[in-house]
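As a plain string of letters, each chain reads:
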Amino acid sequence: MDTAGNIYGTTTYGGDKGAGVVFRVDPDGTETALYSFCSEQNCSDGSFPYAGLFRDRTGNLYGTTGYGGQTNCADGNGCGIVFKLAPDGTEAVLHAFTGGSDGSFPVGDLITDDAGRLYGTAGAGGCNCGEPFDRCGTVFRLDR
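Source: prediction; values computed, not measured.

Draft legend 1. Fine view of the nonpolar core. Listed in full, the 12 residues of the largest apolar core are Ala19, Val22, Tyr35, Phe37, Phe48, Leu61, Tyr67, Ile81, Phe83, Leu85, Phe105 and Ala124. For Leu85, the residues in contact, after removing those within four places along its chain, are Val22, Leu34, Tyr35, Gly59, Asn60, Leu61, Thr90 and Glu91.

So this is what it looks like as structure tokens:
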């Protein structure tokens, strides 16, 4: 929530492209889709966000998508990403998971520390479990 009372969140499905959105709900109940994720195979900008968002002091929103980014996971649908959505609606991929030691399928909320680093979990990858999408998992840290 911001100081004006707007609430921010994600949907896993829906939006213009069918693969989830980042949205805002104003205090009067008006919902606005701020960003629609790609639903096609091999979406570099991510698809299907499962978790909530972290909002910084300048209004940037940070989150994860379970798919998109690198194509070596989930039958070419990607290993997931960490994204930043600027107040003007510009999305930037901060990290595209590879399914290796960094993990894959990040579906939890992000948290931050006093230095501004982001922390989260990826539900798969991270060890020599076999296929990149096997359920080992990782805890990750990103400097923003």
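Draft legend 2. View of the packing of aromatic side chains. Counted according to the given criterion, the structure contains 8 aromatic pairs. With 5.1 Å between their ring centres and 75 degrees between their planes, Tyr35 and Phe37 make a pair best called edge-to-face. For the pair formed by Tyr35 and Phe37, the shared burial category is buried. Members of the aromatic cluster, joined through ring pairs, are Tyr13, Phe48, Tyr50, Tyr67 and Phe105.

Draft legend 3. Representation of the environment of Ala4 in the model. As for its position among the elements, Ala4 is in the segment before strand S1 (7-11). Classification of Ala4 as exposed rests on a relative accessible area of 52%. The spacing of Ala4 and Pro27 is 23 residues in sequence and 7.9 Å in space, taken between C-alpha atoms.

Draft legend 4. Main features of the sheet that holds strand S5 (residues 61-65). Read from one edge of the open sheet, 4 strands run S4-S5-S6-S7, paired in antiparallel fashion. For this open sheet the edge positions go to strand S4 (54-55) and strand S7 (91-96), each flanked by a neighbour on one side alone. Note that S4 and S5 share 2 bridges and pair antiparallel. Bridge pairing links Arg55 to Leu61 in S5.

Draft legend 5. Focus on the sheet that holds strand S3 (residues 31-36). The sheet built from 3 strands is open, its strands ordered S1-S2-S3 with antiparallel pairing. Across the chains shown, the open sheet's two edge strands, defined by having one partner strand only, are S1 and S3. Direction aside, the axes of adjacent strands within the sheet are offset by 25 degrees on average. The sheet contact formed by strand S2 (residues 21-25) and S3 spans 5 bridges and is antiparallel. Bridge pairing links Phe23 to Ala33 in S3.

Draft legend 6. Expanded view of the pattern of salt bridges. Counted under the stated rule, the structure contains 3 salt bridges. With a shortest N-O distance of 4.0 Å, Arg141 and Asp143 are connected by a salt bridge. Of the residues examined, Arg141 reaches a relative accessible area of 47% and is grouped as partly exposed. We classify Asp143 as exposed; its relative accessible area is 58%.

Each value, and the rule that gives it
Starting from 1, residues in each chain are numbered consecutively following that chain's sequence as written. Per-residue local features are limited, in this predicted model, to residues with pLDDT of at least 70; the limit for side-chain atom pairs, both in listing and counting, is 80 or more; totals at the level of whole chains, interfaces and linings are taken over all residues. Processing note: side-chain calculations cover all non-hydrogen atoms of the structure and skip hydrogens and water entirely. For our purposes a nonpolar core is just a set of buried Ala, Val, Leu, Ile, Met, Phe, Trp, Tyr and Cys residues, chained together by side-chain atoms within 4.5 Å. Each residue gets one of three labels from its accessible area relative to the maximum for its type: buried under 20%, exposed over 50%, partly exposed in between, using a 1.4 Å probe on protein chains only. Whether two residues touch is decided by their heavy atoms; if any such pair falls within 4.5 Å, the residues are in contact. What counts as a ring pair is set by centres within 6.5 Å for rings of Phe, Tyr and Trp (its six-membered ring), and what kind of pair is set by the plane angle: stacked under 30 degrees, edge-to-face over 60, tilted for all other angles. Helix and strand definitions follow DSSP, with helices as H or I runs of at least four residues and strands as E runs of at least two, each counted in order from the N terminus. Whether two strands pair depends on DSSP finding at least two bridges between them. Fitting a line to C-alpha atoms yields each axis, with helices limited to the stretch in contact; the angle taken between N-to-C directions then spans 0 to 180 degrees. Only one rule defines a salt bridge in this text: a Lys or Arg side-chain nitrogen within 4 Å of an Asp or Glu carboxyl oxygen.

Take it as geometry only, folks, not as evidence of what the structure does.
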